[in-house]
Amino acid sequence: MDNINIFAPASVANVSCGFDVLGFCLDTIGDIMRVSKTKTKGISIGTLKGQKIPIDPLKNVAYVAANALLKDFPTNGGFQIDIEKKIKPGSGIGSSAASAAGAVFAINELLGKPYSRSQLVKFAMVGESLASGDAHADNLAPVLLGGFTLVRSNKTLDIIKLPSPNDLIATIIHPKIELKTIHSRAILKSEIPLTKAVEQWGNLGAFVSALYTNDYGLLSRSMKDKVIEPARAILIPKFKEIKESAIEAGALGSGISGSGPSVYALSKGEKTAKKVGQFMKTHYDEIGLDYEVHYSTINNEGIKIL
Ligand code: HSE
């Protein structure tokens, strides 16, 4: 095989109760990447279509991640990466994770799969760190492994793939403003009160349990964020109103998608998810802010070969 085309999906990190450790993979939005073997050694970036991303290799997350893999697995030839970027950078649905994970996944396939999908996370992390300032795998893990994932440790990359209840549908509203992860991380306090930590780990444990038992009620009660969301809410136009509308329309829960500005909701069933989207968008219609709404089942497979 000399080349490969893949779908590198978007993802939702944090899922309210699991800052930097919890995430899930989307099905209906993602980048198309083509990676081809070249005779020249090393990585080259070919055509970049769609959203604007850096052509400068040292600022391009796909290049940096791919390079990290090749350092560990030297080859005589090289690889060219072409990207049709559909996930807007700075939108909060894992744009950099899709590029980084996609690049290492595709190269690994062309090399005859020397690494497992889990082992690829560490190379993709090098690209992700470039985009967000420090390394966390809460978008990368669901993109590579599919479904919901929990990162027990971002240092040792101890990652657990979790089950996904069948009827869960995500609604994502993306207000068309750019919010860089590096900036929305900069406003966070580095310490939190013990009472808030207790609430947060109670919710995270319960959320994980609910995924295993298909307990939608428990899932709904656990989708709370007492730590990060209060600090970041001010960065997102009409966040409080949108979240309240999602719950009013029947969502199990709603919150900031990753580091924002997208807002996500999880619902049981497509009908409710669609109603949630209708309710959410009224707030941006009112103020004339451009937006996109996405609906998606949970993508249990992660990156797909086309
Ligand atoms: N957990 C990360 C954050 C996701 O919220 O900053 C975005 O990279």
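Everything discussed here concerns the structure shown above.
Here's a quick rundown of the structure. Computed from a predicted model, the values in this text were never measured in an experiment.

Moving on to the packing of aromatic side chains. Scanning the model with the defined rule gives six aromatic pairs in all. Between Phe-73 and Tyr-115, the aromatic rings sit 6.0 Å apart at their centres with planes inclined by 70°, giving edge-to-face as the arrangement. Pair noted here: Phe-73 is in the loop between α1 (61–72) and β4 (78–85) and Tyr-115 is in the loop between α2 (95–110) and α3 (117–132), with a separation of 42 residues, a long-range link. The partly exposed category is assigned to Phe-73, whose relative accessible area is 28%. Overall, the relative accessible area of 12% leaves Tyr-115 in the buried class. Seen from their ring centres, Tyr-284 and Tyr-291 are 6.3 Å apart, and the 35° between their planes marks the pair as tilted. Through pairs of rings, three or more aromatic residues link up here, namely Phe-24, Phe-148, Phe-207 and Tyr-264. Across the ring face of Tyr-295, the terminal group of Lys-274 is positioned such that the distance to the ring centre comes to 5.0 Å.

Residues in close proximity to the ligand include Ala-13, Asn-14, Phe-19, Asp-20, His-136, Asp-138, Asn-139, Thr-181, Arg-185, Arg-232, Gly-258 and Ser-259, which together make up its full environment. For the ligand, an oxygen atom lies 2.9 Å from a polar atom in the side chain of His-136. Residue Arg-185 places a side-chain N or O atom 2.6 Å away from an oxygen atom belonging to the ligand. Here the ligand has 260 Å² of accessible area as a free molecule, and 96% of this is covered by the chains. Taking a 2 Å distance to the grid points as the criterion, the majority of the atoms of the ligand fall inside the largest pocket. Considering only residue class, the shell around the ligand consists of two nonpolar, six polar and four charged. When residues of the shell around the ligand are assigned to domains, at least three fall in each of domain 1 (3–163) and domain 2 (168–297).

All buried positions along helix α9 (residues 239–248) are accounted for by Phe-239, Ile-242, Ser-245 and Ala-246. Projection of α9 onto a plane perpendicular to its axis shows the buried side chains occupying an angular sector of 130°, all on one side. Along α9, exposed side chains directed more than 90 degrees from the buried face belong to Lys-240 and Glu-248. Where α9 is buried, its residues meet β7 (168–175), α8 (229–232), β8 (253–256), β9 (263–268) and α10 (270–287). Downstream of α9 by a residue or two, Gly-250 has a phi angle that is positive, lying close to 110°.

Cut-off values and rules
- Residues numbered from 1 in each chain as written.
- Predicted model: local features only at pLDDT ≥ 70, side-chain atom pairs only at ≥ 80, totals over all residues.
- Heavy atoms only, no water.
- Phe/Tyr/Trp six-rings, centres within 6.5 Å; stacked < 30°, edge-to-face > 60°.
- Helix = DSSP H or I, 4+ residues; strand = E, 2+ residues; numbered from the N terminus.
- Buried < 20%, exposed > 50% of the residue type's maximum accessible area, 1.4 Å probe, protein only.
- Lys NZ or Arg CZ within 6 Å of the ring centre and 35° of its normal.
- Near = heavy atom within 4 Å.
- Polar contact = N/O pair within 3.5 Å; in protein donor to acceptor, adjacent residues only side chain to side chain.
- Areas by Shrake-Rupley, 256 points an atom, 1.4 Å probe, with all protein chains shown as cover.
- 1 Å grid on protein atoms, 1.4 Å probe; cavity = no way out; pocket = protein on both sides within 12 Å on 5 of 7 lines; lining within 4 Å.
- Sits in = over half its atoms within 2 Å of the grid points.
- Nonpolar A, V, L, I, M, F, W, Y, C, P; charged D, E, K, R; others polar.
- Domains from an automatic or database assignment.
- Arc of directions from axis to C-beta.
- Contact = heavy atoms within 4.5 Å.

Bear in mind that shape data such as this cannot, by itself, settle questions of function.
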